[in-house]
Amino acid sequence: MNIRISNSIDDLIAALAEAISADIANTLKRNECFNIALAGGETPRSLYQHLAESYRDSIPWGKINFFWSDERWVPHDQPESNYRMAKETLLDHVQIDSGRVFPVPTEIDDPTSAARAYEIQLKTHFNSEWPHFDLMLLGLGRDCHVASLFPGSDALRESKRWVVPSISKIPPVQRLTLTLPAINGSAKIYFLVAGIEKAVAISSALSSKPIPVEDCPARGVNPSNGEVVWWIDNMAAALAISIRDSSKS
Ligand code: 6PG
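The paragraphs below set out a description of the structure included in this document.

Cut-off values and rules
- Residues numbered from 1 in each chain as written.
- Predicted model: local features only at pLDDT ≥ 70, side-chain atom pairs only at ≥ 80, totals over all residues.
- Heavy atoms only, no water.
- Helix = DSSP H or I, 4+ residues; strand = E, 2+ residues; numbered from the N terminus.
- Polar contact = N/O pair within 3.5 Å; in protein donor to acceptor, adjacent residues only side chain to side chain.
- Contact = heavy atoms within 4.5 Å.
- 1 Å grid on protein atoms, 1.4 Å probe; cavity = no way out; pocket = protein on both sides within 12 Å on 5 of 7 lines; lining within 4 Å.
- Points joined across faces, edges and corners; volume = space filled by probe spheres on them.
- Nonpolar A, V, L, I, M, F, W, Y, C, P; charged D, E, K, R; others polar.

## What about the side chain of H145?
Within the element layout of this structure, H145 appears in the loop between strand 5 (135-138) and strand 6 (163-167). Here D143 takes part through its side chain, which lies 2.6 Å from a polar atom of the side chain of H145. If sequence neighbours within four positions are ignored, H145 has contacts with G139, L140, F150, P151, I170 and P217.

Shown next as C-alpha cells:
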C-alpha cells in the first residue's frame, strides 16, 4: 500500500501534480500518447486548476487522451457534470487535442445505451480485454464509494461489462461508472482524498481488517498489474493511526 500524506491540501495537490507530470513524461518516452481517466466530484477541482496553471507549458497536453471514471446522468453543460468540471478547470486552459477528449455520452436517450456506447468507445480505443489506462484518478466518497460504485451495488459484482449505469443515494441519482475490472486494468491508480469528513472512509479503505468490498467499494481497487497510490492530507488520515506517522511526505 503506497500512501503519501501531506500536511495541507495545497502541499497534497502540488505533490500529486508533480507525480502526474513525471508519469506523463515517462510514459511518452515509450508511447505516443497518454491515457488518463479523470475523477469527478469536488476534490480534484484544485488539482486540475493547479495543473492548468503550473504545467500549462511543460505537459504535452495534445498527446493526452482524456476519459472519465464515472459521470452523472446530466447534460455536459450542467454544474453537476464531471466533464464540465474538468473542462472549466483544465481542458479549456491547456492545448489539448479535442479529438482526444472522450466524455461519457450523456446525450444518449437512456443510461444503459450510454453505458454501452462508452464501453464500445473504450473497446475501440484500447482494443484489449480490459481498458489499460496509464493513469486512473479516483476520489473517495464518505461511504467509501469509488467512481460511482456505491456500497451494496450490484455493479460491484460486474465481471464482464466495462461501463454500467449506477444509482447514487446522493443526487444526481443516476450515474454511469467504470466497473472494478475496468478500473483495475490501469497501470497506475491515484486516489486523491482530503478533509476530515473522509477520515472514517480512509480508515476503512486502508484498514488491515477484512472489510468486504460490498461495504467499502474502494477496497475493490486492486490492479492486477498496476500500482495504487493514496494521496491524502493529514485530516483525511486523522483516524488511520497506523498510517499517520509511517508515510509522511
Ligand atoms: C463523482 C465522483 C465520486 C467522487 C467522490 C468524492 O462523480 O462524484 O466520481 O466518486 O470522487 O464522491 O467526491 P468529492 O471529491 O466531491 O468529495
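## Looking at empty space enclosed by the protein
Tallying each qualifying case throughout the model produces two cavities of 30 Å³ or more. By volume, the largest cavity amounts to about 70 Å³. In this structure, the largest cavity is lined by I20, I24, I36, L38, Y48, L51, I59, W61, I64, F66, L90 and L137. Those elements that place two or more of their residues in the lining of the largest cavity are helix 1 (9-28), strand 2 (34-38), helix 2 (44-54) and strand 3 (64-68). Here the lining of the largest cavity is composed, by residue class, of twelve nonpolar, no polar and no charged. Computed from the structure, the second largest cavity encloses a volume of approximately 40 Å³. Lining the second largest cavity are L16, A39, P44, L47, Y48, L137, L138, Y190 and L192. Counting residues per element, the ones that place at least two in the lining of the second largest cavity are helix 2, strand 5 and strand 8 (188-193).

The analysis is restricted to geometry; functional conclusions fall outside its scope.
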